[in-house]
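Residue-level listing of the chains:
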Amino acid sequence: MKNKDTKLTVLGLAVLAFVTFPRTLYSYEEIVVKDGATIRGAVKVDGTLPKHPALQITKYKEICKDVPNESLSVGPGQGVRFAVVTLEGITKGAAVEKETIYELDNIKCRFTPHVQAASIGQFVLLKNSDPILHTVHAVFTNNQPQFNVGLYPGRTSRKPLVVAGLVTIRCEVHPWMTAYIMVTEHPYHAVSDVYGEYELSDVPAGVYQLKVWHESLGTQEKRIEVKPAATLKVDFTFTASPGVKK
């Protein structure tokens, strides 16, 4: 009878674990990638850019000044900064570096960096370098519980990322503050730099969808075929359209 009870207890715990932890944790297989390829390119925008108004700073103006509006940052050659490029449809590939910790700081009443990309199993370290109170309210697009952390000056808090999807982060004390973290099951993601450039490395050969997301310009996808040990150049171009956002 005791063995039967023990088996039932183990079975119950297994069912609880399956229900509690999303299946996305188990859908990506980590392997040693042989003859990995590289995907690189640029994200750009054509057309007349929408004029983004200055942020409305309503409190602590002696500290919260010169806060840039980073919702559409365009650099040299019309390169779009803070666009997230992800490889869709990949089920096996390079291992996720679980020890990696991303930092999200509060500096002069702005979240820094404005956009990040991370993998399931990694952590984000929340910081406050300002002399005033901030909050970090994270809203997830799917099953991960949102969190809302009050950060007094100098305080830090570490939070795990356990579900894939877009995380929108706001400060409830300063409503103009916004940041984003794109979380994927795998390590094949990149955030475009000031020139709009990105790079993914150690990609297994295969056919995938390459997706780009930007908070103001929306999303695009391209079907690509990756050859072993090759370098594939894939560019994305958005057409500026005021008010359009996906």
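Refer to the structure presented above.
What counts, and at which threshold
- Residues numbered from 1 in each chain as written.
- Predicted model: local features only at pLDDT ≥ 70, side-chain atom pairs only at ≥ 80, totals over all residues.
- Heavy atoms only, no water.
- Salt bridge = Lys/Arg side-chain N within 4 Å of Asp/Glu carboxyl O.
- Helix = DSSP H or I, 4+ residues; strand = E, 2+ residues; numbered from the N terminus.
- Buried < 20%, exposed > 50% of the residue type's maximum accessible area, 1.4 Å probe, protein only.
- Pairing = 2+ DSSP bridges.

Enquirer: Help me get a handle on the pattern of salt bridges, residues and values and all.
Expert: As enumerated under the stated definition, the model contains six salt bridges in all. Note that E30 is salt-bridged to K98, the shortest N-O span being 3.2 Å. Here the residue E30 occupies a position in strand β1 (residues 29–30), and K98 occupies one in the loop between β6 (92–93) and β7 (101–106), the gap between them amounting to 68 residues. Owing to a relative accessible area of 39%, E30 belongs among the partly exposed residues under this scheme. Judged by its relative accessible area of 39%, K98 falls in the partly exposed class. Among the ionic pairs, E225 bridges to K227, the shortest N-O distance being 3.5 Å. We classify E225 as partly exposed; its relative accessible area is 49%. For K227, a relative accessible area of 47% translates into the label partly exposed.

Enquirer: Just give me the short version of the pairing of strand β11 (residues 134–140), but keep the residues and values in it.
Expert: Most of β11 sits inside the fold, with six of its seven residues counted as buried. Sheet analysis places β11 next to strand β12 (residues 147–151), joined by five bridges and oriented antiparallel. Note that in β12 the partner of T135 across the bridge is G150. Bridging between β11 and strand β14 (residues 165–170) involves four bridges; their strand directions are antiparallel. Its bridge partner being in β14, H137 is matched across the sheet by R170.

Enquirer: Describe the sheet that holds β7, and please don't skip the residues or the numbers.
Expert: With mixed pairing, the four strands of this open sheet are ordered in space as β8-β7-β10-β13. The open sheet is flanked by β8 (111–112) and β13 (156–160), the only strands paired with a single partner. Sheet topology places β7 next to β8; two bridges connect them, and they run antiparallel. Pairing of N106 across the sheet is with F111, part of β8.

Enquirer: Explain unusual backbone geometry to me, and be specific about the residues and the numbers.
Expert: Across the junction of T112 and P113, the peptide omega takes the value 0°, indicating a cis bond. Of note, P113 is situated in the loop between β8 and β9 (115–119). One non-glycine residue, F82, adopts positive backbone phi at about 70°. With respect to the secondary-structure elements, F82 resides in the loop between β4 (80–81) and β5 (84–88). The buried category is assigned to F82, whose relative accessible area is 7%. Non-glycine residue C109 carries a positive phi angle of around 65°. Secondary-structure assignment places C109 in the loop between β7 and β8.

On their own, these measurements won't tell you what the molecule is for.
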